[in-house]
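Chain residues, written in single-letter form:
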Amino acid sequence: MTTTVSPALRPTEQVYAGHPEKKVTLYFLVTGLVLLLIGVAIGPLQALNYAGIDVYRYLPFLKSYYQGLSLHGVLNALVFTTYFISGLLLYLPCRALKVRPNLLVAWGAYWTMTAGVLMAAAALLTNNATLLYTFYPPLQGSPLFYIGAALLVVGSLIIGVQVIVIWTQWKRQHPGEITPLVAFMSVATWMMWLIASLGLVVEVVFLLIPWSLGWVKGVDPLLARTLFWYTGHPIVYFWVMPAYISWYALLPGQAGGKIASETMARLSFVLFLLLSTPVGLHHQFADTGISMSWKVIQMLLTFLVVIPSLLTAFSVGASLEIAARLRGGGGWVGWIRHLPWKDPVFTAQVLAMVSFIPGGAGGIVNASIALDSEVHNTAWIPGHFHITVGTATTLTFFAVSFWLLPHLTRKPLASVKGALWASWLWFWGMIIFAIGMHWEGLIGIPRRTYLATATGLGDMLARAQIPMALTGISGMVLMVASIFYFSVIFRTLLGRQRVAESAEVPIPVSESLEQFEAREAGLSAAGMKVAGAVRLMERLWIFFALALALVVLMYLPMLIGMVLNTHLLPGQRLW
Amino acid sequence: MLDHHTIEKYELGWLVVALVLIAMLFAGVLASMISETVPGFFGTKAQYIDPAKLSQTPFATPGLKTGPDGALDAYIVATAFQFQPNVLRVPAGRPVTLHMVSTDVIHGLLLGQGNVNVELIPGQVAVITKVFDHPGSYTSECNEYCGTGHQTMSFKLIVEAAK
Ligand code: HEM
Ligand SMILES: [Cu+2]
Ligand SMILES: [Cu+2]
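Residues numbered from 1 in each chain as written. Chains lettered and ligands numbered in written order. Predicted model: local features only at pLDDT ≥ 70, side-chain atom pairs only at ≥ 80, totals over all residues. Heavy atoms only, no water.

## Let's talk about the interface of chain B and chain A
Argument step 1. Taken residue by residue, the interface counts 56 residues in chain B and 67 residues in chain A.
Argument step 2. Of the roughly 5400 Å² buried between chain B and chain A on both sides combined, carbon and sulfur atoms contribute 69%.
Argument step 3. At the boundary of chain B and chain A, one finds 3 salt bridges.
Argument step 4. A salt bridge links Arg225 of chain A to Glu144 of chain B; its shortest N-O distance comes to 4.0 Å.
Argument step 5. On inspection of chain B and its partner chain A, the count reaches 20 residue pairs in polar contact (both at pLDDT 80 or more).
Argument step 6. The element contributing the most residues to the side of chain B that touches chain A is helix H1 (residues 4-34) of chain B, with 17 residues.
Argument step 7. Grouping the constituent residues of the side of chain B that touches chain A by class yields 33 nonpolar, 16 polar and 7 charged. (Contact = heavy atoms within 4.5 Å. Buried area = accessible area lost by both parts, 1.4 Å probe. Salt bridge = Lys/Arg side-chain N within 4 Å of Asp/Glu carboxyl O. Polar contact = N/O pair within 3.5 Å; in protein donor to acceptor, adjacent residues only side chain to side chain. Helix = DSSP H or I, 4+ residues; strand = E, 2+ residues; numbered from the N terminus. Nonpolar A, V, L, I, M, F, W, Y, C, P; charged D, E, K, R; others polar.)

Encoded structure:
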């Protein structure tokens, strides 16, 4: 084991002395996780509702099912993810580039975000923003909610711009050098988010805030919805790409192998940058007032974004196989046993990846107009995104927290066993959940419904008894999983023992096969031959400009049509 | 261990497979839409009605109407928290044009038969022509959150066998 130093000898501040950005990163991660804890606590109640069991009448602190659901959606999908990603994609690229971020800016972003979340939380908790996380007008909430949401996004953009600026300066100081993979991927992700967040920012700042403050008398619901989904789809890539960074660039090393192909890894991130944004219409296939031609074009683009995900599946699979064979595994599938299954950092990520296989397949179903008409707004949809953002992303972030929190604090993970239990239970819980919800959706059960008291679904409920039971059971499994997870995390954070600096958990940056081969051949990093494609892809600004042009082409004509033809409606409060 | 050139070659092959799969998927979905498995590929027109002025339109008296030429038009109005009418009877095997509109906030409707699934954005009229082939009674409910009474906003489609 490692040498431990008594806490008295090492005041907390000294832990961060070498890398003060560790502290701000830790704040981002831990704040995100605490807010996730609140959001996740409501999940099992919703699962019980989808089993036909009403617990809400015993809960005085929630005014309605929908207030709880608003908290669940906002805290889990919007708040937790944004905090965690801002911390992770600030820290990793800065360390990879060996640059210290401007701490004033980083803390400024943290407090902007936190001020926003406190405002939005005040509105949500007082039942003044029971709008669900999509807040479609003309349902109108308190201005605090919208201003808070805007500040949350602005906080993330401050971090994003900071990382892009740091990278641009690094490029200037290192002419001809290739950006390290992790930094390259982080910059591509932030560039994507810069373009993708525009819709939400415009919707909230120009339409919803003035309207909720009473400065303008109406809002056009179709225009607002379109702007919302302009951001609402690419936001899912904003959730998934950080997980891909971990799978591509960190997991191979954690498993004891190599990155199978760095070129392909970079290519898939360039494709994400180009194609993530002009696809939001696939959430509006059922909307009246939007022409079918735009829907079909964006459907095609949505299918194209499947390609980088298929590339990821290949590469990550290959790098795991390399790892297993290096560890002595063999055979067609026998190598799988030789992977480090006792390590929760590894296991949680692999389970996250496995959940993403049906998750991605379901996404293709949702994206095709002909099939979407059967599942749109049914329980199928939450079934789908709990195995994508709710598992592929969330369970990967759990894995990240298992090494990154010990790395940042130098406190050892409180319980490896507990972490393994949390990961397996979360995985199986979500799989059962997904089976139940997808099945209910095919029967026609709507999502976002206080089902336990619904009046008009009689015969449908009778046909859905088995899947509803599955959903209820999964909620209980997930509750146990979250108890395991959060107790491991809080015991780690509150632990008093710290290891010495020399024993710090390292950042698991992996070597690629290309680098490995060059090293074996006795070449230095500088002497290594770099593929032309990698040099081309270094010009991320060009791809940024192309992505922007594509999104303008796909959205501007439609948006102009809507703006020239607005129908303003006053706000309604129906809860 | 595999060298990275071999892996890259396999991966390029995989990229080509992926592209072919996507092309086939797109063609398949498009073919299905053109053959009208989902209503609305041809001839949907955007139509807007001021929700405050429904009284001057056929929506003033919701329900099924038979035109002079025998054409069937059904007018459905969604308002928190009910559909009018909340039971719609249509004959099997004949084209019915559904006209649906919301008057206040966004509602949604998925009919248990016929791939009809629409978001009703206030004032934006959904116009869908559909032949319901299978007689029966189909329950559904508003499927877009519209407020605390959302779960009580039910709708029933009854497809009656031709006599
Ligand atoms: C203990 C684990 C969880 C359980 C049992 C759970 C359960 C549920 C259920 C049953 C619903 C459907 C409610 C409805 O449509 O009426 C739901 C919705 C949702 N969940 Fe979860 N969930 C969990 C964790 C998560 C996580 C980790 C995330 C994201 C990171 C998440 C994001 C969402 C979102 C965005 C919605 C949609 C809210 C809406 O429709 O407005 N959930 N959850
Ligand atoms: Cu989407
Ligand atoms: Cu409704």
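## Re the site of ligand 1
All names here are of chain A.
Argument step 1. Near ligand 1, the surroundings consist of 24 residues, among which Tyr65, His72, His386, Arg447 and Arg448 are the closest.
Argument step 2. A distance of 3.2 Å separates a nitrogen atom of ligand 1 from a polar side-chain atom of Gln46.
Argument step 3. Here Thr449 contributes a backbone N or O atom positioned 3.5 Å from an oxygen atom of ligand 1.
Argument step 4. Breaking the shell around ligand 1 down by element, the ones donating at least two residues are helix H2 (21-49), helix H3 (65-97), helix H15 (380-386) and helix H17 (416-443).
Argument step 5. Top contributing element to the shell around ligand 1 by residue count: H3, with 6 residues.
Argument step 6. Here the residues of the shell around ligand 1 sort into 14 nonpolar, 8 polar and 2 charged. (Near = heavy atom within 4 Å.)

## So, the environment of Tyr83 of chain A
Residue and element names in this part refer to chain A.
Argument step 1. Along the polypeptide, Tyr83 turns up in helix H3.
Argument step 2. A relative accessible area of 0% places Tyr83 in the buried class.
Argument step 3. Along the primary structure Tyr83 and Tyr27 are separated by 56 residues, whereas in three dimensions their C-alpha atoms are 8.9 Å apart.
Argument step 4. In this view, Tyr83 contacts Phe28, Thr31, Gly32, Leu35, Tyr110, Met113, Thr114 and Val117; residues no more than four positions away in its chain are not counted. (Buried < 20%, exposed > 50% of the residue type's maximum accessible area, 1.4 Å probe, protein only.)

## Describing the nonpolar core
Side chains of nonpolar character tend, in soluble globular proteins, to be buried together.
Argument step 1. Formed by 238 residues in total, the largest nonpolar core has its most connected members in Phe145 and Phe402 of chain A together with Leu98 and Met100 of chain B.
Argument step 2. Leave out the neighbours within four places in its chain, and Met100 of chain B touches Phe59, Ile76, Leu109, Val116, Val118, Leu120, Gln124, Val125, Ala126 and Ile128 of chain B.
Argument step 3. Of all hydrophobic cores here, the second largest spans 8 residues; its members include Ile49, Phe59, Val101 and Val125 of chain B. (Core = buried A, V, L, I, M, F, W, Y, C linked by side-chain atoms within 4.5 Å.)

## Things to note about the environment of Ile466 of chain A
Argument step 1. Relative to the elements of secondary structure, Ile466 of chain A occurs in helix H19 (residues 465-494).
Argument step 2. Linking Ile466 of chain A and Ala47 of chain A, residues 419 residues apart in sequence, is a C-alpha distance of 14 Å.

## Describing the UniProt feature "domain: Cytochrome oxidase subunit I profile" (unreviewed entry) in chain A
Argument step 1. On the UniProt side, "domain: Cytochrome oxidase subunit I profile" (unreviewed entry) is annotated at positions that read residues 21-493 of chain A here.
Argument step 2. Regarding residues 21-493 of chain A, the helix share stands at 74% and the strand share at 0%, and the terminal C-alpha atoms are separated by 17 Å. (UniProt positions renumbered as here; feature names shortened; annotations may be inferred.)

## As for the coordination of the copper ion (ligand 3)
Residues and elements named next belong to chain B.
Argument step 1. The coordination sphere of the copper ion (ligand 3), as far as protein atoms go, consists of His107 (ND1), Cys142 (SG), Cys146 (SG) and Met153 (SD), spread over 2.1 to 2.6 Å.
Argument step 2. Geometry at the copper ion (ligand 3) is tetrahedral, judged from its 4 donor atoms and the angles of 91 to 122° they form at the metal.
Argument step 3. Taken in sequence order, the residues that donate to the copper ion (ligand 3) follow the motif H-x34-C-x3-C-x6-M. For the pair Cys146 and Met153, a shared accessibility class is recorded, and that class is buried. (Donors = N, O, S within 2.8 Å, 3.2 Å for Na, K, Ca; no water. Tetrahedral: all angles 85-135°; square planar, octahedral: opposite > 155°, others 65-115°.)

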